[in-house]
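Now for the letters of each chain:
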Amino acid sequence: MANAASMREEAETIAVKALGFVAADPELLPRFLAITGIEASAIRRAAAEPGFLAGVLQFILAHEPTLLRFAEESGTPPASVGKALRALPLGGDDHEHSI
C-alpha cells in the first residue's frame, strides 16, 4: 500500500494535469473561471491555496463527458480522478457538519 505522501503526490500530479487540460480548452476555462469566481490572471496565485487542486478535480468530475475526455487525453483512468480528489486537502468526504 502506498504511503500518504506518495498518494498525495500522485493526486497532485493528476490535479495539475487536470488544470492544464482545463486551461487549454477554450470552452472549459471560461466555465471553470465563472464557477470558481477566479479571474484568469489569478489562477497561479489561487493554485497555491489549500483546496484549489481538489476544486479542479471536482470540476472535472462534475461533468462525465469532461471526465471521460480528460481521462482519454491524459491516460488517467476515470476512477483515479475520484481517488486523487479524496487524497487532496479539502477533497475528502469528511466535511464538517453544522448543527
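Structure: see above.
Conventions adopted
Residues numbered from 1 in each chain as written. Predicted model: local features only at pLDDT ≥ 70, side-chain atom pairs only at ≥ 80, totals over all residues. Heavy atoms only, no water. Salt bridge = Lys/Arg side-chain N within 4 Å of Asp/Glu carboxyl O. Helix = DSSP H or I, 4+ residues; strand = E, 2+ residues; numbered from the N terminus. Buried < 20%, exposed > 50% of the residue type's maximum accessible area, 1.4 Å probe, protein only. Phe/Tyr/Trp six-rings, centres within 6.5 Å; stacked < 30°, edge-to-face > 60°. Core = buried A, V, L, I, M, F, W, Y, C linked by side-chain atoms within 4.5 Å. Contact = heavy atoms within 4.5 Å.

> Where do I start with the pattern of salt bridges in this structure?
Working definition: two side chains of opposite charge can pair if their charged atoms are close together. Overall, the coordinates contain 3 salt bridges when judged by the stated rule. Of the charged contacts, one joins arginine 8 and glutamate 12 as a salt bridge, the two residues approaching to 3.1 Å between their closest N and O atoms. One end of the pair is arginine 8 and the other is glutamate 12, both in helix α1 (residues 4-23) and 4 residues apart, which spans about a single turn. Take glutamate 12: its relative accessible area is 29%, and that puts it in the partly exposed class. Here aspartate 25 makes a salt bridge to arginine 69, at a shortest N to O gap of 2.9 Å. Highlighted residues: aspartate 25 in the loop between α1 and α2 (28-36) and arginine 69 in helix α5 (residues 64-74), separated in sequence by 44 residues. Given a relative accessible area of 32%, arginine 69 falls into the partly exposed group. Residues participating in the shared-partner salt-bridge network are Asp25, Arg69 and Glu73.

> So what exactly am I meant to see when it comes to the packing of aromatic side chains here?
A ring pair, where both rings are aromatic, is described by two values, the distance of the centres and the angle of the planes. Applying the stated criterion to the full structure yields 3 aromatic pairs. Grouping aromatic residues by their ring pairs yields a cluster made of Phe32, Phe52 and Phe59.

> Which parts of the structure should I look at to understand unusual backbone geometry?
Working note: non-glycine residues mostly have negative phi, and peptide bonds are mostly trans. In the Ramachandran plot, leucine 90 falls in the positive-phi region, its phi being about 65 degrees despite a non-glycine side chain. Owing to a relative accessible area of 63%, leucine 90 belongs among the exposed residues under this scheme.

> Explanation requested: the nonpolar core in the structure shown.
The nonpolar side chains of a soluble globular protein tend to be buried with one another. One finds Phe52, Leu57 and Ile60 to be the most contacted residues of the largest nonpolar core, which totals 27 residues. Looking at this core, the elements with two or more residues in it are α1, α2, α3 (43-46), α4 (52-61), α5 and α6 (78-87). Not counting residues up to four positions away in its chain, the partners in contact with leucine 57 are Ile14, Ala15, Ala18, Val81, Ala84, Leu85 and Leu88.

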